[in-house]
Amino acid sequence: MSSDAIIVLPGEVIVHILEDERLSFSDIVHFSLSCRSLYKIVNENNKLWKTKFFQRWPHLREIYQTNDELDHRMINWKEEIKSSLSTRIKLLSLLSSMSSKHYRMQELSNSEFKEFDPLFCPEEGAHPLAYYFLVDELINLIKHPAIVSNLTHRYYALKIVRYLKQTHLKDEWKKFLSLPPKQQTLERGATIVAQWSQPERHVSYIAISSTLDSIAEQTKELLREQYPNHTIFSIPTERFNFWKNNIIGDNQWDVTETRQLTDALCEVLFKRLGFYGNSEMYYSSENSFIDRVLERRRGIPITLAIVFESVARRLGIHCEPVSFPSHFLLRWKETYGPQFKDTENFYIDVFNGGQFLTKRNCPRIGGVSRCPIEKYNIHEAATPIEVVTRMANNLEIAARQHTHINGRIARLRSALELQYMIQPNDANTILQLGRIYISQFMDLSELVKKLENIPEDLELMSRGQANLILQTFNVHIFQSYQKQLESKEEVEPKRRDPNVKYAIGLIMKHKIHGYMCVITGWDTYCTATTEWMNEMNVGGLVDGPGQPFYNIFVDDGSCHYVAQENLELASNPGWIHHHAIGRYFYKFSGAHYIPNEEKAREYPEDEKICNELLVTYMQNGMIYSTT
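Being a predicted model, the structure only gives us computed values, none of them experimental.

1. Topic: the sheet that holds strand S5 (residues 346-349)
- Strand order in the open sheet formed by four strands is S3-S4-S5-S6, and the pairing between neighbours is antiparallel. Either end of the sheet is taken by a strand with one partner, and the two such strands are strand S3 (320-323) and strand S6 (355-357). Going across the sheet, the axis of each strand differs from the next one's by a mean of 35°, ignoring polarity.
- Where strand S4 (residues 328-332) lies against S5, three bridges are found, and the strand directions are antiparallel. If you follow Trp332 over to S5, its bridge partner there is Phe346.

Written out as structure tokens, the structure reads:
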């Protein structure tokens, strides 16, 4: 672009041209350096830099607009960009060093991420909104197509964003607990659960709230068609905003108008929008995430109840969540208050299309032998904290029952850490979480410190229980320390033996079971225990335990140790769907996986063998997919 040709244009026109989203920061800077007048136009236009900032980081617009601590009149957007880019450079530098530090560890303790704290913690000098910027950068990296990504960076980015989000959400949970009880709405608690459990996704409370607002508006539109004189149409906007953000203690309408509203809500929610109970995949974790339930319009009783209650509250209807052992229902009365305590309750079964149940017409739900509401007045309404606790418990069950192996330990760890945040003094949670940490040789110090400081009079856990768990943990602390020392030692290079036919990174097929896999390591002979070899009948193999054995990642997410005689090169190699693929490999070539620096250093002679095998097979007419 010639400065001579453009300089005659008014500054406003020049700025308008530069606001084109196809122009990057560097384009703008280079343009401004072409002459003094253009430099002045570009660098003194704060609006231009604001536009470019949100073009680069669109997800941050919501954060900046809703943050009460920022004075938007005082923000220098060019400096905001410079600060963000500087933070990005530091983030990528730390990310690039993760593999060299943690190559030998599967799950990383929170203590391993403390070096990231200065990047996002305001108390350590970070920008007030640096957390949101870092999360946005990491999610963009994770969502980038894996086929063209650095898989190792992608692998560790997910671990980093999990740490950032969960550290942030611990503070958000404290804020939630400090709110007046009337402001502890179910949707806020459910949003924290969804954000905690899906670190790789942008889960926005504002977006969730807006979707619930939309359902409420659709209900009002239907009501206007059916009952145009309903009192709700004379209510000012301020009142609706109050109901949206506060748990109301009673219905705002008489019995007739309340039933008109609930009927309209059921029509919109279950018939027009098609929300329904997901009985086929009941224990899928996605059924516990309110953002996914709103997107997919199917869920389990607790999440569907949260959706129904949140919309009903926006319409001036009071529903109470009731956590039955066998089911989760909403309780509704025609009117509330101490004088109406003995009034019979109606129960809304959101899992079955919003049926209004009483003890006279209650079906047997979920295979239980008796109606859960037979004694309808003995159950107290669940508090939002109790509802969130049940959601966390559901996620633990989902993680344990999940049939897909990919990331199972990470999912279970996340669910248990969520339970620990909600119930930090629960003995069983501490014990179960500790077992995960022990199995992965992770840092137990936080749990040990918690046990040592358990109050003597705490009903949830006796001192005897605490001491018993402490003894269990202490036995493993030394082992964990030794493992961490080993992980920091230099990896000993493995020299090839003539009997080792294959190399790391090659995509193989199991001759007997037919599954696809990728080689992540090998031994010149079977190094497993005698018990394992007996169980797997290694002695029954043609070449026995003396042949090379290979560590492999299988396409279903599992890891195996396989004899050489049972493997062959895949005739049509493709992508292996394994959650830890980036731990050892940084790129997929289309024919094989290319090891990262740490894996290549461990097997320094394998690259040559790998390439020779691929060339030989290609020359023999084998076809390799490059997609």
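2. Some points on the sheet that holds strand S7 (residues 507-510)
- The antiparallel open sheet is built from five strands, whose spatial order is S10-S9-S8-S7-S11. At either end of the open sheet lies a strand with only one pairing partner, and these are strand S10 (559-563) and strand S11 (567-569). Across the sheet, the axes of successive neighbouring strands diverge by a mean angle of 50°, strand direction being ignored.

3. A few points about unusual backbone geometry
- Residues other than glycine seldom take positive phi values, yet Arg297 does so here, at roughly 60°.
- Structurally, the position occupied by Arg297 is in the loop between helix H15 (290-296) and strand S2 (298-299).
- We note that Phe441 has phi near 55°; this positive angle belongs to a residue other than glycine.
- Mapping Phe441 onto the fold places it in the loop between helix H19 (427-439) and helix H20 (445-452).
- With a relative accessible area of 28%, Phe441 lands in the partly exposed category.

4. Regarding the environment of Thr524
- Positionally, Thr524 belongs in the loop between strand S8 (516-523) and helix H22 (530-535).
- Residues Thr524 and Lys494, 30 residues apart in the sequence, show an inter-C-alpha distance of 9.7 Å.
- Ignoring anything within four residues of it in the chain, the contact list for Thr524 reads Asp497, Val500, Gly546, Gln547 and Pro548.

5. Quick look at the pattern of salt bridges
- One pass over the structure, following the stated rule, counts 31 salt bridges.
- Residue Asp213 pairs with Arg314 through a salt bridge whose shortest N-O separation is 2.6 Å. Here Arg314 lies in helix H16 (residues 301-314) and Asp213 lies in helix H12 (residues 205-226), a separation of 101 residues in the sequence.
- Residue classification places Arg314 among the buried residues on the basis of a relative accessible area of 4%.
- Within the structure, one salt-bridge network assembled from shared partners comprises Glu187, Asp213, Lys244, Glu309, Arg313 and Arg314.

The rules behind these values
- Residues numbered from 1 in each chain as written.
- Predicted model: local features only at pLDDT ≥ 70, side-chain atom pairs only at ≥ 80, totals over all residues.
- Heavy atoms only, no water.
- Pairing = 2+ DSSP bridges.
- Helix = DSSP H or I, 4+ residues; strand = E, 2+ residues; numbered from the N terminus.
- Axes fitted to C-alpha atoms, helices over the stretch in contact; angles between N-to-C directions.
- Buried < 20%, exposed > 50% of the residue type's maximum accessible area, 1.4 Å probe, protein only.
- Contact = heavy atoms within 4.5 Å.
- Salt bridge = Lys/Arg side-chain N within 4 Å of Asp/Glu carboxyl O.

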